[in-house]
Amino acid sequence: MSDKFTRGSNWKIVGSLAVILVLGGCSATDENGSLENGGYSSYREPDPATREMIKKVDQSYKMIDPLQAGYVLNNRRADLLEKKLEEMEVGAERNLVVYDYGIELLRAGKTEQAIEVFENFHSFFQDKLFLDKDKTLLEFKKQLAISYLRKAEQDNCIVNHNNESCIIPISEKARHTNTEGSTKAIEYILAGLEVNPFDFELQYLLNIAYMTLGGYPEEVPADFLIPVEYFEQNNFPKFHDVAMDLGVDVGEMSGGICLDDFNNDGYLDIMVSSWGFKDQIRYFENDKMGGFTDKTASSGLVGVTGGLNLKHADFNNDGFLDFIILRGAWLENYGKIPNSLIRNNGDGTFTDVTLEAGVYSEHPTQTAIWADFNLDGWLDIFIANESTDKGANRSELFLNKTDGTFSEVAREAGLTEVGFFKGVDCGDLNNDGYPDLYISNFSGKNLLYLNSGNEQELAFELAPEEAGVSGPTESFSTWIFDYDNDGWEDIFVSGYSDAERSPANIFMANLRLDGDSRVMERYPRLYRNNRDGTFINTASEAGLTEPVTTMGCNFGDLDNDGYLDFYVATGDPSFFSIVPNKMYRNVAGKTFEDVTFSGGFGHIQKGHAVGFGDLDMDGDQDIYAVMGGAYEGDTFQNILFENPVGNQNNWINIVLEGSTSNRSAIGARIIATIEEDGVCRKIYHTVGSGASFGGNSLMAEIGLGKAGSITTLEVIWPNKARTSSIFTSVEVNKVFRIIEGGREILPAGLLTLSFNKSIHQHHQ
């Protein structure tokens with residue numbers, strides 16, 4: 001069996017274990033009906049087009065061989081392995097299958113059964129004499145350690161969940177009341193460290209296990225201790241998770257997020273996915289009273305499932321936001337699962353128009369970007385697909401034909417490179433008005449495609465190596481933003497783990513091995529725009545000197561100082577990979593300071609899509625993050641961090657509406673000129689949903705520092721003429737609408753809300 005992230009502590013049998021095993025033997029929610037009959041007062045049958053795509057997606061999943069595909073269908077794989085064991089005779093071959101069976105039980109969430117399998121193995125081999133006995137028993141100890149730690153998480157952080165669960169350093173409120181799991185985990189971790197005291201994964205897990213019991217740092221052996229100083233940071237306001245209080249704490253696997261106004265009442269709603277093939281898309285509508293109403297059942301979306309990522313935009317210029325669901329990621333030749341383009345019907349319902357719109361395809365992907373690449377006033381979509389040695393899958397550029405349909409023109413436009421593409425974003429990197437493309441590549445060099453801006457036909461040119469943006473090795477999440485407010489957009493791209501080094505290993509290696517080149521290669525890249533077609537990596541001088549194995553991510557302005565901060569959600573499929581998600585605050589466009597632990601952001605469950613948005617319309621950005629991992633048993637509740645900063649700094653929220661430009665105004669550049677403490681400066685904002693694995697609001701939410709007003713507010717619209725709207729002496733701390741071509745900036749008439757923090761969830 002294979003796994004792209006195979007490592008000794010996960011899939012493969014280490015050392016001579018395969019030979020040693022000859023010594024002896026040892027023995028979710030209903031797919032379419034859960035919402036229909038779950039107490040909802042209003043159920044809307046999906047329309048025929050949606051039902052047809054539901055069937056096509058289901059048929060694609062049924063083509064997957066559970067014993068060959070990685071990550072997915074863990075329960076089914078465990079059942080098949082169990083049946084296989086019933087037909088096998090005692091011996092080495094059967095024991096290898098038993099070991100795989102234990103791994104699959106753990107991945108399926110059947111933790112106690114997995115523990116039983118591994119304890120039987122450990123007990124059986126403990127009294128035997130054989131070559132590499134310590135190495136073999138260490139493998140069993142590690143599996144028992146992580147199994148018991150996962151049990152501890154399930155018994156405490158999931159069953160007895162509270163808003164500080166799994167956020168490190170673990171608070172008293174989040175300590176485990178059921179101590180069995182962590183206690184047993186510590187026993188096996190310490191036994192493993194006796195065999196190999198330099199096992200960084202075990203060192204890391206030991207600290208986490210002691211934290212859950214209140215024993216960190218006093219009870220952690222000094223040689224294995226994460227220094228207390230690591231968690232000591234500058235004072236920053238503490239953010240609190242209110243997802244459970246508001247009933248939006250969806251508890252599934254990894255997935256996507258769109259934070260935006262889907263019903264056009266001015267307030268931000270939540271659309272969230274999970275990549276499990278039975279995992280239902282969920283739609284929460286802002287009730288304008290400080291809470292959210294679950295409108296999934298009445299939306300016509302029941303039965304629409306799966307999707308590791310979502311990207312939203314108004315593709316048909318009807319004034320209502322649509323979205324695309326991206327599927328098939330990581331599954332290689334089993335990833336031929338169609339994406340779904342979901343049209344907003346404007347009446348509270350949605351329709352899958354994938355076939356009607358001509359965007360049906362069957363390629364593995366998790367990343368795409370909406371932009372008006374030819375500046376004709378209609379949004380196009382670029383989908384970066386995943387290619388491996390098991391098959392090439394070219395990327396796709398669907399050009400909007402302005403009638404609700406698209407034509408695929410990637411090859412004709414010069415977008416011909418293939419790779420294991422994990423992230424894509426676009427931005428006008430050379431300030432010629434046309435959006436360019438940056439693609440992160442897990443299997444090779446990252447790519448920068450420059451949009452030639454040809455008035456006759458759409459064409460891209462691959463930037464030369466001298467552009468300086470090809471690293472890091474095994475890239476993942478990426479985005480384009482103007483981090484230093486100089487009017488030229490910059491690029492952030494993060495690395496990831498690999499088959500040899502897990503996130504936990506990389507985390508500890510960074511603490512223990514000062515200056516290790518292999519660790520430094522994992523640092524993210526912050527490519528500052530040199531304004532001449534080249535970029536320079538400024539990550540080190542900006543203080544980004546810690547490897548962050550990023551999956552989901554996004555950026556926003558936490559404290560409204562006018563400089564963009566960012567949040568990276570970390571991990572990989574392995575259960576060992578419970579490293580903290582990280583938050584970095586931008587300090588005047590020069591450096592980034594780590595505010596992860598002072599701000600309460602250090603969640604150690606797997607983090608995926610991230611969205612910044614002012615959900616309570618109080619002027620500061622809240623953060624929704626999708627949690628949960630790749631395996632069916634690796635579920636966790638999503639989080640919603642309420643921003644406590646308030647109006648310490650001033651702000652403005654602006655909803656743009658294009659006319660000759662695309663209706664969503666994606667790609668519009670907003671320039672706010674302010675005077676702060678007697679100094680004039682500019683703040684730049686580009687309209688878009690943010691990072692490659694995230695879904696920010698398209699409402700421009702701009703921090704203004706201490707400025708009492710905006711001297712000049714300029715909007716450069718994303719059209720060929722680059723027309724602009726200019727307003728002077730604009731009030732701060734207001735929500736406005738600006739229509740392209742209009743002479744006035746219009747008040748939005750929205751009221752500030754207070755989150756209703758009582759557990760409730762409306763069903764309709």
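Residues numbered from 1 in each chain as written. Predicted model: local features only at pLDDT ≥ 70, side-chain atom pairs only at ≥ 80, totals over all residues. Heavy atoms only, no water.

Labelled according to an unreviewed UniProt entry, the chain appears under the name ASPIC/UnbV domain-containing protein, originating from Flavilitoribacter nigricans.

Even after reading the chapter, I still don't get the pairing of strand E27 (residues 607-613), so can you show me in this structure?
If a strand is regular, its side chains alternate between the two faces of the sheet. Burial within E27 is extensive, with seven of its seven residues counted as buried. The pairing of E27 with strand E28 (residues 622-627) spans five bridges and is antiparallel. Looking at the pairing, Gly611 lines up with Tyr624 of E28. (Buried < 20%, exposed > 50% of the residue type's maximum accessible area, 1.4 Å probe, protein only. Helix = DSSP H or I, 4+ residues; strand = E, 2+ residues; numbered from the N terminus. Pairing = 2+ DSSP bridges.)

Honestly, the nonpolar core in this entry has me stumped. Any pointers?
As a rule of thumb, nonpolar side chains are buried together in soluble globular proteins. Of all hydrophobic cores here, the largest spans 130 residues; its most connected members are Tyr204, Ile270, Tyr567, Phe601 and Tyr624. Each of domain 1 (240-642) and domain 2 (650-747) gives at least three residues to this core. Setting aside residues up to four positions removed in sequence, Tyr204 forms contacts with Ile168, Ile226, Ala504, Phe507, Met508, Ile578, Val579, Pro580 and Ile604. Ranked by size, the runner-up nonpolar core spans 54 residues in total, among them Leu341, Val353, Val687 and Leu704. (Core = buried A, V, L, I, M, F, W, Y, C linked by side-chain atoms within 4.5 Å. Domains from an automatic or database assignment. Contact = heavy atoms within 4.5 Å.)

Can you walk me through the sheet that holds strand E7 (residues 309-313) in this structure?
Pairing between sheet strands relies on hydrogen bonds along the backbone, with the strands arranged either parallel or antiparallel. If you trace the four strands from one edge of the open sheet to the other, you get E7-E8-E9-E10, paired in antiparallel fashion. If you trace the sheet from one side to the other, it starts and ends with E7 and strand E10 (350-352), each paired once. Adjacent strand axes in the sheet meet at a mean angle of 25° when their direction is disregarded. Where strand E8 (residues 322-326) meets strand E9 (residues 340-344), three bridges bridge the pair, whose relative direction is antiparallel. Paired with Phe323 across the strands is Ile342, a residue of E9. Against the sheet, helix H2 (residues 48-62) contacts E9 and E10, and its axis sits at roughly 50° relative to E10. (Axes fitted to C-alpha atoms, helices over the stretch in contact; angles between N-to-C directions.)

I tried to follow the domain arrangement of the chain on my own but got confused; where do I start?
Interface size is commonly expressed as the accessible surface area that is lost when the partners come together. Here the chain is partitioned into domain 1 (240-642) and domain 2 (650-747). Taken over C-alpha atoms, the centre of domain 1 sits 22 Å from the centre of domain 2. Each partner contributes to the interface: domain 1 provides 67 residues, whereas domain 2 provides 35 residues. Carbon and sulfur atoms make up 48% of the area that domain 1 and domain 2 hide from each other, which totals about 3,600 Å². (Buried area = accessible area lost by both parts, 1.4 Å probe.)

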